[in-house]
Every structure is written in C-alpha cells, then in structure tokens.
Amino acid sequence: GLGVDARGEEVYAPFNKLVPMVHPNDIEVDGWDISSMNMADAMDRARVFDYSLQKQLRPYLEKIVPRPSIYCPDFIAANQGERADNVMTGTKQEMMQKIRADIRDFKEKKNLDKVIILWTANTERFCDITEGLNMTAEELLNSIQNNEDEVSPSTIFAVASILEGCTYINGSPQNTFVPGVQELAEMEGVYIAGDDFKSGQTKYKSVLVDFLVGAGIKPVSIVSYNHLGNNDGKNLSSPKQFRSKEISKSNVVDDMVGSNKILYADGKKPDHTVVIKYVLRGRLQTSHGRVHL
C-alpha cells in the first residue's frame, strides 16, 4: 500500500501506474525445460504454492507446455536425468540456433515488442574460463561452433539471447557470464544481469552482515545451514553444483567485508561455512544462520 487516505483506509495502486512498465495482463510467458510436464502439473509436483492458489492458477498454467531444452548431463546433477524427457538434439551450434528460432517464433506469434530471457533452471557446475575457449566473444562463438564440451547450457542460452537482442537475466549462481559473453553483450548493446536470485537465507545473511560491518562490528565467523526440499535441493546435493552455490553465498560476504578496510585492515575475511542438505519432503526450506563476533 501507499499509505492511508483521509478516512484511514489503505491506498493501493498498480506498479504500472507508478513506474513505466507494462500492464501485467500484457505479459506473455513461454520457455524451455528438459521436462515435458506442463506448468500446472509441474506446479503440483513442486508443491511450492498453497493448494488453494494452485487451483486458481491451474486453468492458466496447464496451457503452457515447455519447448525442448538443452540437456548436458555433465553440468547438472546426475539425479536430474529422470526428468530429461524433453531435450534438444544436435550440436551446440544447432541447439543455439534452435533457441534463437524459438525466441523469434514466440515474439512473432504473440506480436511482442520485447522479449526478456530469465534463467530459473537448475544450478550448473562452474565451467572453465581459459584462453582459446571463452575469453573473447570470437573465442566463445568458435567454441560453440566447434561443439566444445566446456560451454554450458546457460551460456548457450545467454549467447542466443544476446544475438536476438534480448536482455538475459541469470537467476542461478553458476558463472554463465564468462568474459566472452560479457564482450558479446557489449558489442551487441544488450543488457545482461544477475548472479543468483539470493532470495532466501543468503538475502537475510547479506542484510545482517552489511548492518554489522556498517556499524563497526566485526564478524569473525559465519555459518549457514540450509535444509532444502524439492528439486532445487536435490540438484544441489551433487558436490559440483553445491560448489557453485557455495561460491555465490560466500561472495556476498566477501564483497561487504572488503568494503571496510578499517575492520579488515589485514585483508583477512571471516571464516565462512555453508552447509546445504537435501530433505526429501516437497518444498521444505529451512535456513539457519550464525554470525560470531
């Protein structure tokens, strides 16, 4: 709400009346997934939303069926293989071209002014960043053309989005934006953004540590416990994917303590431990954080 009126009643206004944005009814949704399940059935399987909300959304979501996506088993946990029944075939160059074609098809059929690509898929392992592979835009495009193993699915999606002039937002903690992606985005004048949504325990920890450091109170150790259900936790139970998440969670703290050269004059950072455990129980998410001063 915006406050109260003269009668003491709450005043509400839609966002598009306050800032320049489209009306929510004018937003169209499409996408890709390695699972062929429509969004309504996927919502039911995930058990994230309350049942009453699921009933309201089902008539709309059951009409949305994902397009085939890129499945590279080496980049996500092996336990995701059972879901992979809706995958693209061909080389990485061919799959990138298919993504570009999908974007154009969606934009044309829905008569859209703009398309924004939002990565909400599983956390990938970190990919290598090396000379000749992905340090420049030219190297990266050549690597995709040559079907190099170390080019991740999320990077292929990012490149396809950039070449189609679409903003790409990364909601997972892997290193999608290798130097070649950044250079390509600059060359094409396309926005790229994001390094994990950080919408749960990481956000809480970020706010707390920022407050403490800003107040001149020095955290010396931080421990984060995360008990995750659903497919997110299942994927993160694999060590390589967990490492991507661990780096993302740690970087938040590193950036904050690095901003205070008085508290951390010696360059040392807080001892930081991140624990993530998969719990087989729907969308269970329990997080605990301890900060030692």
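On a predicted model such as this, the values are computed, not experimentally measured, just so you know.

1. A short note on the overall build of the protein chain
- Looking only at helices and strands, one finds nine helices and eight strands in the protein chain.
- For the protein chain, the proportion of its 293 residues judged to be buried stands at 41%.
- Across the protein chain, the fraction of contacts at a sequence separation of at least 24, relative to all contacts at a separation of at least 6, is 71%.
- Total accessible area computed for the protein chain in this model is approximately 16800 Å², and 52% of it derives from carbon and sulfur atoms.

2. Topic: the environment of Y168
- Topologically, Y168 is positioned in strand β4 (residues 167-170).
- Judged by its relative accessible area of 0%, Y168 is buried.
- The spacing of Y168 and F157 is 11 residues in sequence and 8.5 Å in space, taken between C-alpha atoms.
- If we ignore the near neighbours within four places in the chain, the residues touching Y168 are I117, W119, S154, F157, A158, S161, T176, F177, Y191, I192 and A193.

3. Brief notes about the pattern of salt bridges
- Applying the stated rule across the entire model yields 14 salt bridges.
- Notably, a salt bridge pairs R67 with D102, separated by 3.4 Å at the nearest N-O pair. Here D102 lies in helix α3 (residues 92-109) and R67 lies in the loop between α2 (51-61) and α3, a separation of 35 residues in the sequence.
- Accessibility expressed as a relative area gives 5% for D102, which makes it buried.

4. Focus on helix α4 (residues 137-145)
- By the burial criterion, the buried members of α4 are A137, E139, L140, S143 and I144. For α4, the angular spread of the buried residues around the axis is 165°, confining them to a single face.
- Considering only its buried residues, α4 is in contact with α3, α5 (153-163) and α6 (179-188).
- Directly beyond the C-terminal end of α4, a positive phi value near 60° is found at N147.

5. What to know about the sheet that holds strand β5 (residues 192-193)
- Spatial ordering of the open sheet is given by β3-β4-β5, a layout of three strands whose pairing is parallel. If you trace the sheet from one side to the other, it starts and ends with β3 (116-119) and β5, each paired once.
- Inspection of the sheet shows β4 paired to β5 by two bridges, in the parallel sense. Among the inter-strand pairings, Y168 is bridged to a residue of β5, identified as I192.

6. Things to note about the nonpolar core
- Counting 32 residues, the largest nonpolar core has I70, I99, V115, L140, V159, Y168 and V181 as the members making the most contacts within it.
- Where this core is concerned, the elements lending two or more residues are α3, β3, α4, α5 and α6.
- Among the elements that take part in this core, α5 stands out by supplying six residues, more than any other.

7. With respect to the side chain of R67
- A relative accessible area of 17% means that R67 is categorised as buried.
- Apart from residues lying up to four places away in sequence, R67 is in contact with D30, G31, W32, D33, N86, D102, D105 and F106.

8. Some details on unusual backbone geometry
- Not every positive phi belongs to a glycine, and N111 is a case in point at roughly 55°.
- You can see N111 is positioned in the loop between α3 and β3.
- Taking the relative accessible area as the measure of exposure, N111 reaches 68% and is therefore exposed.
- The residue N147 is not glycine, and still its phi comes out positive at about 60°.

Cut-offs and rules
- Per chain, residue numbering runs from 1 following the sequence as it is written.
- Since the coordinates come from a predicted model, pLDDT governs what is reported: local features require at least 70, and pairs of side-chain atoms require 80 or more to be given and counted, while whole-chain, interface and lining totals use all residues.
- Hydrogens and waters are ignored; side-chain quantities use all the structure's heavy atoms.
- Under the scheme used here, helices are H or I runs from DSSP no shorter than 4 residues and strands are E runs no shorter than 2 residues, and both carry numbers assigned from the N terminus.
- Per-residue accessibility, obtained with a 1.4 Å probe over protein chains only, is compared with the maximum for each type, and a residue is labelled buried under 20%, exposed over 50%, and partly exposed between these values.
- The contact criterion used is simple: two residues touch if any of their non-hydrogen atoms lie within 4.5 Å.
- The Shrake-Rupley method, run with a 1.4 Å probe sphere, supplies the accessible areas, and residue values consider only the shown protein chains as cover.
- Salt bridge, as used here, is a side-chain nitrogen of Lys or Arg placed within 4 Å of a carboxyl oxygen of Asp or Glu.
- To be clear, the arc concerns the directions from the helix axis to the C-beta atoms.
- In this description, strands pair whenever DSSP reports at least two bridges between them.
- Buried residues of nine kinds, namely Ala, Val, Leu, Ile, Met, Phe, Trp, Tyr and Cys, make up a nonpolar core once their side-chain atoms join them within 4.5 Å.

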